[in-house]
Amino acid sequence: AQSVTQLGSHVSVSEGALVLLRCNYSSSVPPYLFWYVQYPNQGLQLLLKYTSAATLVKGINGFEAEFKKSETSFHLTKPSAHMSDAAEYFCAAMAGGTSYGKLTFGQGTILTVHP
Amino acid sequence: GAGVSQSPSNKVTEKGKDVELRCDPISGHTALYWYRQSLGQGLEFLIYFQGNSAPDKSGLPSDRFSAERTGGSVSTLTIQRTQQEDSAVYLCASSLGTGPSGYTFGSGTRLTVV
């Protein structure tokens, strides 16, 4: 079965510092991969997605992620954190076959940005 | 509409009562999904509808949970005889088909069972 692991339930960075949120997936076949962001009392907003085209994917708000098949990873980065980036981030995978269409989510990483 | 709309935004109910949660997807989106977000369990898939196909109900946790989608648009998630463990945020999402286009989520319904 598909599983998604986010390393670190909480990440804290200073404003202007690099943001790195880690995500690993387990699948014999590379799935489609997504990063979502959730602000308090809101639904999830799509940041970016990997759909087997370019391995480096650029998303909204200056975020990007790189798909590395050899490491089964899809880590999210942003060169310079902004206070408005503080939120919870979810990595998700969509497999093929009978699971096509369904997303499997990681447990989420809460990002805190300090002034 | 411009986004996925869910109602009510908050619902407090007594244990044993039935509740209905409503989702209005984006117009033209053929796929509709329900997820549950709770502390300690993360985001769990519940059910999804794709066009006129039979829904995938594989994520429903018990037979107290059911969902329907009328006219390929509005969906209602019904929980019968609510239990305290049903307390969670119920998120609805819609997408164009079931491919990797990514979902658009609603803001959710926060259900509290007392």
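A brief report on the enclosed structure follows. (Residues numbered from 1 in each chain as written. Chains lettered and ligands numbered in written order. Predicted model: local features only at pLDDT ≥ 70, side-chain atom pairs only at ≥ 80, totals over all residues. Heavy atoms only, no water.)

**A short note on the interface of chain B and chain A**
Here is step 1: The interface of chain B with chain A comprises 22 residues on the first partner and 20 residues on the second.
Here is step 2: Counting the surface lost from both chain B and chain A, the interface buries some 1600 Å², and carbon and sulfur atoms represent 54% of this.
Here is step 3: Across the contact surface, chain B and chain A share one salt bridge.
Here is step 4: The shortest N-O distance in the salt bridge between A:Lys102 and B:Asp56 comes to 3.2 Å.
Here is step 5: For the pair chain B and chain A, the number of links is six residue pairs in polar contact (both at pLDDT 80 or more).
Here is step 6: A total of four residues in the side of chain B that touches chain A trace back to one element, the largest contributor, which is strand 5 (residues 42-50) of chain B.
Here is step 7: The residue inventory of the side of chain B that touches chain A, partitioned by class, reads nine nonpolar, eleven polar and two charged. (Contact = heavy atoms within 4.5 Å. Buried area = accessible area lost by both parts, 1.4 Å probe. Salt bridge = Lys/Arg side-chain N within 4 Å of Asp/Glu carboxyl O. Polar contact = N/O pair within 3.5 Å; in protein donor to acceptor, adjacent residues only side chain to side chain. Helix = DSSP H or I, 4+ residues; strand = E, 2+ residues; numbered from the N terminus. Nonpolar A, V, L, I, M, F, W, Y, C, P; charged D, E, K, R; others polar.)

**A word on the sheet that holds strand 7 (residues 75-79) of chain B**
Residue and element names in this part refer to chain B.
Here is step 1: Spatially, the four strands line up as an open sheet ordered 1-3-7-6, and their pairing is antiparallel. The sheet is open, and its two borders are formed by strand 1 (5-7) and strand 6 (65-69), each paired with just one other strand. Along the sheet, successive strands turn relative to each other by an average axial angle of 15°, direction set aside.
Here is step 2: Summarising the sheet, strand 6 and strand 7 pair through five bridges and their orientation is antiparallel. Bridged to Arg 69 within strand 7 is Ser 75. (Pairing = 2+ DSSP bridges. Axes fitted to C-alpha atoms, helices over the stretch in contact; angles between N-to-C directions.)

**What about the state of the cysteines?**
Residues and elements named next belong to chain A.
Here is step 1: On inspection of all chains with the given rule, the structure shows two disulfides over all chains.
Here is step 2: Covalently, Cys 23 is tied to Cys 91 through a disulfide, its sulfur atoms 1.9 Å apart. Handedness of the Cys 23-Cys 91 disulfide follows from its S-S torsion of about -65°: it is left-handed. A residue pair is termed long-range when its members are at least 10 positions apart, and Cys 23 in strand 3 (residues 19-26) and Cys 91 in strand 9 (residues 87-94) qualify at 68 residues. (Disulfide = S-S within 2.5 Å.)

**A closer look at unusual backbone geometry**
Here is step 1: Of note, the amide linkage connecting B:Ser7 to B:Pro8 takes the cis form, showing an omega dihedral of -10°.
Here is step 2: Tracing the backbone shows B:Pro8 in the loop between strand 1 and strand 2 (10-13).
Here is step 3: Its identity as a non-glycine residue notwithstanding, A:Thr72 has a phi of 45°, on the positive side.
Here is step 4: Note that A:Thr72 resides in the loop between strand 7 (64-68) and strand 8 (73-78).
Here is step 5: Residue class for A:Thr72 comes out partly exposed when judged on its relative accessible area of 28%. (Buried < 20%, exposed > 50% of the residue type's maximum accessible area, 1.4 Å probe, protein only.)

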